[in-house]
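Inside the fold
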Amino acid sequence: MVQSDGWQERSISYTVVRSRRKTMALILRPDNQLEVRCGLTLPQVEIERFIGEKESWIRRKMLENSRLTPVQAPHEQNQLTALRQLTQQKALAVIEKYPHLVPSQLVIRRQRRRWGSCSKSGLISINLCAGLLPDELLEYIVVHELCHLVYFDHSARFHHLLEQLLPDAQVRKKDLQRYLIA
Ligand SMILES: [Zn+2]
């Protein structure tokens, strides 16, 4: 850990989201935005105390996050179109490998926080930026969503199926966590 740049002295900034809840929760986004969720009337001093108690965890997670590789969609329209086509082609190539798992529809779209999703109707959405990832990680994302066509949860059965199709799914999942949708 680098301590000489004064990073340790900087205070932690955060946003507070109040609602009718009894407990406090901390949410640290991959882009290092920290959110505190708490009850409607909890005093600020309690929030500060809570942050203080969790400070070493927050610092450690923030440092891990800062080592992430950002994956960013291009700004130019024609580059965006090209990326959309590339991601679609790659996703379709993966889907074709599993003819017993057929989504009702495949949609490539920009999503800020997710690499992919699957709806109850079998519509699979893949993040536009997935086409920028190493192929084995795009494959992991697509196969993960294909498995949701069978199990609409993250149960043991789901993971069993996923690992049948991709024996190193856990390794790929870990690798994927090094990338940040920017
Ligand atoms: Zn899932």
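All figures in this text were calculated on a predicted structure; none of them were measured in a lab.

A word on the sheet that holds strand β1 (residues 15–18). Here we have 3 strands laid out as an open sheet, ordered β1-β3-β2, and mixed in their pairing. Two strands bound the open sheet, and with one partner strand each, they are β1 and β2 (25–28). Adjacent strand axes in the sheet meet at a mean angle of 25 degrees, parallel and antiparallel pairs treated alike. Pairing geometry for β2 and strand β3 (residues 34–38), over 4 bridges, is antiparallel. Along β3, the bridge assignment pairs Ala25 with Arg37.

Scored by pLDDT, the protein comes out at a mean of 91, with 95% of its residues at no less than 70. Within the model, the stretch residues 1–9 combines pLDDT values under 50 with 3 contacts to residues more than four positions away or in other chains.

The next thing to look at is the packing of helix α4 (residues 135–148) against helix α6 (residues 169–176). Orientation of α4 relative to α6, taken along the N-to-C sense of each, is 110 degrees, at an axis distance of 9 Å. If you check the angle between α4 and α6, you find them roughly perpendicular. Facing Glu136, Leu137 and Tyr140 of α4, the residues of α6 in contact are Ala169, Arg172, Lys173, Asp175 and Leu176. For the contact of α4 with α6, the per-class residue count stands at 4 nonpolar, no polar and 4 charged.

Here we take up unusual backbone geometry. The phi dihedral of Asn32 falls on the positive side, at around 70 degrees, and the residue is not glycine. Note on placement: Asn32 falls in the loop between β2 and β3.

So, about the nonpolar core. Formed by 19 residues in total, the largest nonpolar core has its most connected members in Ile126, Ala130, Leu138, Ile141, Val142 and Val143. Put simply, the parts of the chain that give this core at least two residues each are β7 (123–127), α4 and α5 (156–165). For this core, the element with the highest residue contribution is α4, accounting for 7 residues. For Leu138, the contacting residues outside a window of four places in its chain are Lys90, Ala91, Ala130, Gly131 and Leu133.

A few words on the sheet that holds strand β5 (residues 105–109). Within a beta sheet, neighbouring strands are joined by backbone hydrogen bonds and run either parallel or antiparallel to one another. As summarised here, the arrangement of the 3 strands in space is β5-β7-β6, forming an open sheet in which the pairing is mixed. Two strands in the sheet have a free side with no partner beyond their single neighbour: β5 and β6 (116–118). Between one strand axis and the next, the sheet turns by 15 degrees as a mean value, whatever way the strands run. As paired strands, β6 and β7 are joined by 3 bridges and run antiparallel to one another. Bridge pairing in β7 places Cys118 opposite Ile124.

Calculation rules
- Residues numbered from 1 in each chain as written.
- Predicted model: local features only at pLDDT ≥ 70, side-chain atom pairs only at ≥ 80, totals over all residues.
- Pairing = 2+ DSSP bridges.
- Helix = DSSP H or I, 4+ residues; strand = E, 2+ residues; numbered from the N terminus.
- Axes fitted to C-alpha atoms, helices over the stretch in contact; angles between N-to-C directions.
- pLDDT = per-residue confidence, 0-100.
- Contact = placed C-beta atoms within 7 Å.
- Parallel < 35°, antiparallel > 145°, perpendicular 65-115°, else oblique.
- Nonpolar A, V, L, I, M, F, W, Y, C, P; charged D, E, K, R; others polar.
- Core = buried A, V, L, I, M, F, W, Y, C linked by C-beta atoms within 7 Å.
- Buried ≥ 20, exposed ≤ 12 C-beta atoms within 10 Å, placed from the backbone.

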